[in-house]
Amino acid sequence: MASDREEFNLCGPSHLTTVDWANEDHQRCVAACLVQGIYIVERDRQLNREGSEALAPPWWESFNFKLIRHLKDDADFSIFGGIFEYKSLQPDVVDSGVPRYVIAFRGTLTKADSITRDIELDIHIIRNGLHRTSRFEIAMQAVRSMADSVGASSFWLTGHSLGAAMALLTGKTMAKTGIYIKSLLFNPPYVSPPIERIANERVRHGIRFAGSLITAGLALSRTLKQTQQPQQQQLQLQNLTEDPLEALSSWLPNVHVNPGDHLCSEYIGFFEHRGTMEQIGYGAGIVERMAMQHSLGGLLMDAMGVSNAVAVEEPVHVIPSANLIVNKTNSEDYKDAHGIHQWWRDDQDLVSHIYMYK
């Protein structure tokens, strides 16, 4: 039996009868619906809903898109993503702002046929290892191929939760080569204790400040410990203070978060804290930039003698610049705060702020 949220006519954006592709709210609604389409196309597969019984097509056909390719996991063969192509009603007219293609990724599905693999990938996110999975390689190949064939300006990346992490990581990987793809990320996981849920602002700032100092200190200690000669240490110190995130600073993904969702809410504090550290001066900004490049958990494990490659890798979730869109609407519960459905509704209190890395 289908849930109400699977049927476009029951819970889709009924207000969006005509899409203005220059309107960012409309862009957000459509992208969220395409992601929902990937969730439901996998449910259609699991429940053998075909033809007129399939519930997924209206989620993209309502906006003149066609699903031209499924992205399937090579472990459980579930559909985790898809490539949509826009079909203009007037083939000879190029609609302003409309993407020719959209690559969308779903998040975790808590159903028997897909939950084991999805949870395994969720754990890889926690361990900062999503980039070492075969699902990421499949996604990365699709993104590279699309960029090579039509150009980065002709398509979007989007995803929700686990799928947002996939879209973020593929987009980040391309951005490191100077290729910037428009990306709409919904509830992307930020691997951190939910500090943003602490009511006292001073306590939140204190915890984040201490975390930055510890992370930067451990990174510096690890680097100097690996090189014994003074000249080598000086060279390593220079390398450590160089900023690899600067190459990513021109990529500005749209990051959609809800304060009631502990999986993504720390993005709010992350960007605010970075600005605070820059304002403090006295080298605090340098400390924060060093801390951003490392995983505190990985560094702690390395300091305790546990061999861990994560210690030398920047956290997957860290991005230097973003258009952060925060949903200020009160959520009934965590499921409501984390759900993809909130992003196509027109009754939400959304506040956006652009954070540029300087």
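Residues numbered from 1 in each chain as written. Predicted model: local features only at pLDDT ≥ 70, side-chain atom pairs only at ≥ 80, totals over all residues. Heavy atoms only, no water.

Quick look at the nonpolar core now. Within the largest apolar cluster, 51 residues are counted, with the highest numbers of intra-cluster contacts made by Ile103, Phe105, Phe155, Tyr267 and Leu324. Discounting residues that sit within four places of it in the chain, Leu324 has contacts with Val255, Val257, Tyr267, Ile268, Phe271, Val351, Ser352, His353 and Tyr355. With 36 residues, the next largest nonpolar core counts Leu55, Phe63, Leu67 and Val98 among its residues. (Core = buried A, V, L, I, M, F, W, Y, C linked by side-chain atoms within 4.5 Å. Buried < 20%, exposed > 50% of the residue type's maximum accessible area, 1.4 Å probe, protein only. Contact = heavy atoms within 4.5 Å.)

This part is about the packing of helix 5 (residues 134–150) against helix 6 (residues 162–175). Relative placement of two packed helices is described by the angle separating their axes and the distance separating the axes. Running from N to C, helix 5 and helix 6 cross one another at 50°; their axes reach a closest spacing of 10 Å. When the axis of helix 5 is compared with that of helix 6, the two are oblique. You can see that helix 5 and helix 6 cross each other, and the crossing is right-handed. Contacts between helix 5 and helix 6 involve Arg135, Phe136, Ala139, Met140, Val143, Arg144 and Ala147 from the former and Leu162, Met166, Leu169, Thr170, Thr173 and Met174 from the latter. For the contact of helix 5 with helix 6, a count of residues per class yields nine nonpolar, two polar and two charged. (Axes fitted to C-alpha atoms, helices over the stretch in contact; angles between N-to-C directions. Helix = DSSP H or I, 4+ residues; strand = E, 2+ residues; numbered from the N terminus. Parallel < 35°, antiparallel > 145°, perpendicular 65-115°, else oblique. Left-handed = near helix turned anticlockwise from the far one by under 90°. Nonpolar A, V, L, I, M, F, W, Y, C, P; charged D, E, K, R; others polar.)

This paragraph deals with a nonpolar patch on the surface. Taken together, the side chains of Leu252, Ile354 and Met356 define a hydrophobic patch exposed on the protein surface, amounting to about 250 Å² of accessible area. Positionally, Met356 belongs in the segment after strand 8 (350–355). (Patch = residues over 30% accessible without salt bridge, like charges linked within 9 Å, V, L, I, M, F, W, Y side chains within 5 Å. Areas by Shrake-Rupley, 256 points an atom, 1.4 Å probe, with all protein chains shown as cover. Salt bridge = Lys/Arg side-chain N within 4 Å of Asp/Glu carboxyl O.)

Right, let's get into the pairing of strand 1 (residues 65–72). Looking along a regular strand, one sees side chains alternate from face to face of the sheet. Sheet topology note: the strand 1/strand 2 (residues 79–86) ladder contains seven bridges and is antiparallel. Bridge pairing links Leu67 to Phe84 in strand 2. Connecting strand 1 to the next strand, strand 2, in antiparallel fashion are six residues, including Phe77 with a positive phi near 65°. (Pairing = 2+ DSSP bridges.)

With respect to the element layout, Ser154 can be found in the loop between helix 5 and strand 4 (155–160). Note on Ser154: relative accessible area 13%, which makes it buried. From its side chain, Ser154 meets the backbone oxygen of Val150 in a polar contact 3.1 Å long. If near-sequence neighbours (up to four positions away) are discounted, Ser154 is found in contact with Pro99, Arg100 and Tyr101. (Polar contact = N/O pair within 3.5 Å; in protein donor to acceptor, adjacent residues only side chain to side chain.)

Glancing now at the environment of Arg345. Along the chain, Arg345 falls in the loop between helix 12 (334–338) and strand 8. Given a relative accessible area of 33%, Arg345 falls into the partly exposed group. C-alpha of Arg345 to C-alpha of Ser14: the two residues are 331 residues apart in sequence and 8.9 Å apart in space. Contacts of Arg345, omitting those with residues within four sequence positions, involve His15 and Arg28. A polar contact is formed between the side chain of Arg345 and the side chain of Asp347, at a distance of 2.7 Å.

All chains considered together, the criterion is met by 12 salt bridges. Residue Lys87 pairs with Glu85 through a salt bridge whose shortest N-O separation is 3.5 Å. Lys87 gets classed as partly exposed once you look at its relative accessible area, which sits at 39%. In this structure, Asp118 and Arg106 form a salt bridge, with 2.7 Å as the shortest nitrogen-oxygen distance. Of the two residues, Asp118 sits in helix 4 (residues 115–126) while Arg106 sits in the loop between strand 3 (101–105) and helix 4, which places them 12 residues apart along the sequence. Each member of the pair Asp118 and Arg106 is classed as buried. One network of salt bridges, in which partners are shared, links Asp73, Arg106, Arg117, Asp118, Glu120 and Arg135.

In the numbering used here, UniProt assigns the feature "domain: Fungal lipase-type" (unreviewed entry) to residues 140–179. Across residues 140–179 one finds 62% helix and 15% strand; the C-alpha atoms that close the span lie 13 Å apart. (UniProt positions renumbered as here; feature names shortened; annotations may be inferred.)

Moving on to helix 4. Spanning 12 residues, helix 4 covers 16 Å between terminal C-alpha atoms, matching the ideal 16 Å at 1.5 Å per step. Regarding helix 4, the residues found buried are Arg117, Asp118, Leu121 and Ile125. Projected onto a plane normal to the axis of helix 4, the buried residues spread over an arc of 100° and lie on a single side. Those residues of helix 4 that are exposed and angled more than 90 degrees off the buried face are Thr116 and Ile126. Next to the buried residues of helix 4 lie helix 5 and helix 6. (Expected span 1.5 Å × (residues − 1). Arc of directions from axis to C-beta.)

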